[in-house]
Amino acid sequence: MNVGVSGDPTGVKKLIQFLGLCPCVSNRAPAKGGWAGSLRFEAEEEVDDEDLEAAVTVLPGKPPNAHAMVYILSGTADECSALAAAQTGPKQAPFAVVLSTDSPSEAYDEWEQRFNESRFFLGTFPASSEEELEGLWWSLYHAVEHPAHVLWDRPQGNFTSVGWRAVQRLFWWYDEDKDGALDDAEFANLLTATRAVEVSEEEVEETRHAIEEQQAQLKISNFVSLAGHLTNYAILSLCESWLAAADHEDYWQRLRGLWKALRETGIHTANGNPWSPSDLEHIELDPVSEMLQLSFCGVEFLSGIYDGAPTPHDLWKFTPSTQMTSAGEPPWAYVSGLPGSREHPAPYTKEAFVSSWRFITVCKHQHLVVFARCWGYDDDPNRLFVRKKKREYRKTDEELPNVLQCLLLGSPRCGKTSLRRRLASSENCTHAEDGYEPTKEHSISLVPRSTGTEENDLFDLVLHEIPDKLVATLLKDKTFMSHIDAVLLSYDGDDVYSFSYVAEKYPLVARLKKMPALLVMTKVDLLGNGLSALQDQEYSVQPHEFAKERCLCWPPAMVSCYAPSASLKEVNDIDDLPVSIAMLCRYPDDYIGKESRSLCCRIGKLCALTSVLAGAAAGVYSLTRRQ
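Residues numbered from 1 in each chain as written. Predicted model: local features only at pLDDT ≥ 70, side-chain atom pairs only at ≥ 80, totals over all residues. Heavy atoms only, no water.

### Quick word on the overall build of the chain
Part 1 of the reasoning: A count of helical and extended segments in the chain gives 21 helices and 16 strands.
Part 2 of the reasoning: Expressed as a percentage of contacts within the chain between residues at least 6 apart in sequence, the contacts between residues at least 24 apart total 69%. (Helix = DSSP H or I, 4+ residues; strand = E, 2+ residues; numbered from the N terminus. Contact = heavy atoms within 4.5 Å.)

Here's what the structure looks like:
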């Protein structure tokens with residue numbers, strides 16, 4: 001335990017000297033400008049079987065690695081007030097204040113009012129007894145090992161955000177049947193985890209009775225479920241009563257027991273979370289050439305979580321929230337179009353649940369590690385992932401990722417939104433009655449478990465639709481485009497001006513390395529006889545000539561997002577489009593076009609080639625003359 005000592009220099013010097021004379025501290029050589037020692041505490045009744053011994057390093061000033069601070073004040077009441085104001089935040093380190101015996105009485109009274117602060121000890125210097133000095137170190141040891149300020153914000157009188165999550169996780173951990181409430185056996189197990197000995201039935205009943213009395217006093221009804229079991233609100237209220245009563249004779253024992261239970265569920269003392277920074281930092285990944293996808297182990301784990309929830313669509317209501325997401329929401333709530341998101345809050349199947357996690361794993365794998373730890377996963381986080389090469393580094397015959405991401409590119413009003421929604425829902429769209437609204441934000445739809453080129457070749461298809469103002473920016477964004485596996489160049493076959501947009505934006509696509517592209521003609525339902533009814537586009541090059549010149553596949557995929565007439569059902573490729581996208585990604589060389597060069601570029605390239613040939617001819621002629 002590293003302890004910083006700050007304040008009056010003379011007082012600091014005297015305190016260090018005094019510690020050397022204290023029987024419970026053994027002197028050692030100064031370390032890093034400080035003093036090291038070993039403290040031994042007598043065991044508390046019903047808490048420890050053996051005495052506690054802690055190694056302590058005392059460092060002058062305010063070291064950044066200090067677990068606790070000791071402030072020696074010998075000034076005025078204003079000095080104490082300034083320190084009090086600086087130490088009111090819940091994120092501050094545990095501290096003790098030692099007042100010199102000649103400090104003004106007003107300063108002592110002010111700090112005495114704060115004596116119940118769970119991370120605070122008040123004493124005088126020189127200490128009136130060795131017991132008082134030992135009490136100082138004992139308070140600091142408790143505050144570091146069982147930090148109440150991590151869980152409870154005493155100035156505000158409520159849980160910290162970390163404390164709220166930690167207690168929610170404690171409830172979730174002991175709710176073995178995951179029904180959102182603790183029966184008598186589950187509640188007894190939770191109480192036993194917070195005590196040194198197994199609790200009796202009388203103690204369980206007594207604690208339960210106290211909770212019910214508090215519910216009646218607060219005039220609320222959410223502490224007990226319809227089945228008579230205790231909800232998470234009851235456990236939050238119970239822990240709140242423990243943390244708020246700092247003047248209770250069993251306060252330290254309750255606090256230590258609570259932290260004991262939290263640690264058993266995987267909570268770390270430093271941040272109050274069940275994951276550590278090493279869980280997120282030690283994921284093996286080359287961010288340039290590799291991407292992460294959900295492994296079989298990850299699928300099995302998440303499927304078990306889904307199966308264990310009595311109402312899976314309400315899973316987030318009693319799942320501990322994290323710093324990465326809002327309470328009660330899945331990590332993909334911000335993604336427009338995914339099942340369970342804010343846009344589609346309806347219940348979702350296990351297949352959609354796992355597919356959404358596949359997408360989140362590709363985009364933000366940290367979310368999977370955090371939630372897996374929250375849900376009790378205690379194995380190596382790397383087992384949750386499989387590493388795949390990104391598109392640019394993927395070989396032609398290499399196995400595809402289980403998540404393919406496709407960018408929809410097309411002119412406004414060409415039907416990109418309808419195409420995205422139709423593929424995601426597998427239901428025909430209905431014509432909007434209130435007019436056209438252009439896409440204003442980056443929208444995503446998920447097509448779960450699409451069938452690829454083979455019967456067992458399954459993948460999740462993610463469709464990205466971006467507003468027109470962001471097209472040029474994102475197409476030049478190497479990080480974003482490195483995760484895109486294919487581009488759909490969509491245009492309205494019934495609009496003679498629609499294709500010009502695709503032709504103008506295509507050079508940005510052609511410059512991307514190994515990016516396959518597919519032409520998609522939308523709104524087939526508005527055409528009379530398929531390709532034979534196509535109108536010439538108002539552009540210098542017609543679509544079929546454009547495709548031939550740039551080695552793009554022709555004819556295009558012809559789709560309708562609405563129910564077409566019987567005569568057009570045979571030419572509607574909407575249901576086969578996921579298979580076509582899989583073909584694009586599996587055999588990209590067959591679908592990679594090339595950028596059309598202008599006349600000046602072609603003349604420049606011809607001149608360069610002519611220069612090379614002329615130089616070679618001159619070299620051969622010179623060599624011949626020498627011979």
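### Structural notes on the pairing of strand β13 (residues 458-465)
Part 1 of the reasoning: Where burial is concerned, most of β13 is hidden: 7 out of the 8 residues are buried.
Part 2 of the reasoning: Sheet analysis places strand β11 (residues 403-410) next to β13, joined by 6 bridges and oriented parallel. The residue of β13 that forms the bridge with V403 is D460. (Buried < 20%, exposed > 50% of the residue type's maximum accessible area, 1.4 Å probe, protein only. Pairing = 2+ DSSP bridges.)

### As for helix α8 (residues 201-218)
Part 1 of the reasoning: Over its 18 residues, α8 extends 26 Å from the first C-alpha to the last, a length consistent with the 26 Å expected when each residue adds 1.5 Å.
Part 2 of the reasoning: Restricting attention to buried positions, one finds in α8 the residues V204, T207, R208, I211 and Q215. Considered in projection along α8, the buried side chains sweep an arc of 100 degrees and stay on one side of the axis. Facing away from the buried surface of α8 by more than 90 degrees, the exposed residues are E202, E206, A216 and Q217. (Expected span 1.5 Å × (residues − 1). Arc of directions from axis to C-beta.)

### A short note on helix α12 (residues 296-308)
Part 1 of the reasoning: Over its 13 residues, α12 extends 18 Å from the first C-alpha to the last, a length consistent with the 18 Å expected when each residue adds 1.5 Å.
Part 2 of the reasoning: Along α12, the residues classified as buried are G298, V299, F301, L302, S303, I305 and Y306.

### Examining the packing of aromatic side chains
Part 1 of the reasoning: Under the criterion given, the structure shown has 11 aromatic pairs.
Part 2 of the reasoning: Taken together, a centroid distance of 5.2 Å and an interplanar angle of 80 degrees make the contact between Y491 and F499 edge-to-face. The residues Y491 and F499 share a single accessibility class, namely buried.
Part 3 of the reasoning: An aromatic cluster of at least three residues, connected via ring pairs, comprises Y306, W332, F353, W357, F371 and W375. (Phe/Tyr/Trp six-rings, centres within 6.5 Å; stacked < 30°, edge-to-face > 60°.)

### Considerations on the environment of L488
Part 1 of the reasoning: Following the sequence through the fold, L488 ends up in strand β14 (residues 486-492).
Part 2 of the reasoning: The exposure class assigned to L488 is buried, which follows from its relative accessible area of 0%.
Part 3 of the reasoning: When the C-alpha positions of L488 and M521 are compared, they lie 9.9 Å apart, and in sequence the two are 33 residues distant.

### What to know about the pattern of salt bridges
Where charged atoms of side chains with opposite charge meet at close range, the side chains can pair.
Part 1 of the reasoning: Scanning the entire structure with this criterion turns up 12 salt bridges.
Part 2 of the reasoning: The salt bridge partner of E549 is R550, with a shortest N-O separation of 3.4 Å.
Part 3 of the reasoning: By relative accessible area, E549 is classed as partly exposed at 32%.
Part 4 of the reasoning: Residue R550 is classed as buried on the basis of its relative accessible area, which comes to 10%.
Part 5 of the reasoning: Linked by salt bridges that have partners in common, D184, R208 and E212 make up one network. (Salt bridge = Lys/Arg side-chain N within 4 Å of Asp/Glu carboxyl O.)

### Side note on unusual backbone geometry
Part 1 of the reasoning: Geometrically, the link from W554 to P555 is a cis peptide bond, its omega value of 5 degrees lying close to zero.
Part 2 of the reasoning: Topologically, P555 is positioned in the loop between α19 (543-549) and β16 (557-558).
Part 3 of the reasoning: Unusually for a residue other than glycine, R413 sits at a positive phi of about 70 degrees.
Part 4 of the reasoning: For R413, the position within the fold is in the loop between β11 and α15 (416-425).

### Quick look at the confidence of the model for the chain
Part 1 of the reasoning: Taken residue by residue, the chain gives an average pLDDT of 74. The fraction at 70 or more is 64%.
Part 2 of the reasoning: Counted against residues more than four places away or in other chains, residues 115-119, with its pLDDT under 50, gives 22 contacts. (pLDDT = per-residue confidence, 0-100.)

### Here we look at the packing of helix α16 (residues 468-475) against helix α18 (residues 499-510)
Part 1 of the reasoning: Orientation of α16 relative to α18, taken along the N-to-C sense of each, is 25 degrees, at an axis distance of 9 Å. Taken together, the axes of α16 and α18 are roughly parallel relative to one another. As for the relative orientation of α16 and α18, their crossing is left-handed in sense. Along the contact surface, α16 presents D468, V471, A472 and L475, while α18 presents Y501, K505, L508 and V509.
Part 2 of the reasoning: Its residues placed into classes, the contact of α16 with α18 shows 6 nonpolar, no polar and 2 charged. (Axes fitted to C-alpha atoms, helices over the stretch in contact; angles between N-to-C directions. Parallel < 35°, antiparallel > 145°, perpendicular 65-115°, else oblique. Left-handed = near helix turned anticlockwise from the far one by under 90°. Nonpolar A, V, L, I, M, F, W, Y, C, P; charged D, E, K, R; others polar.)

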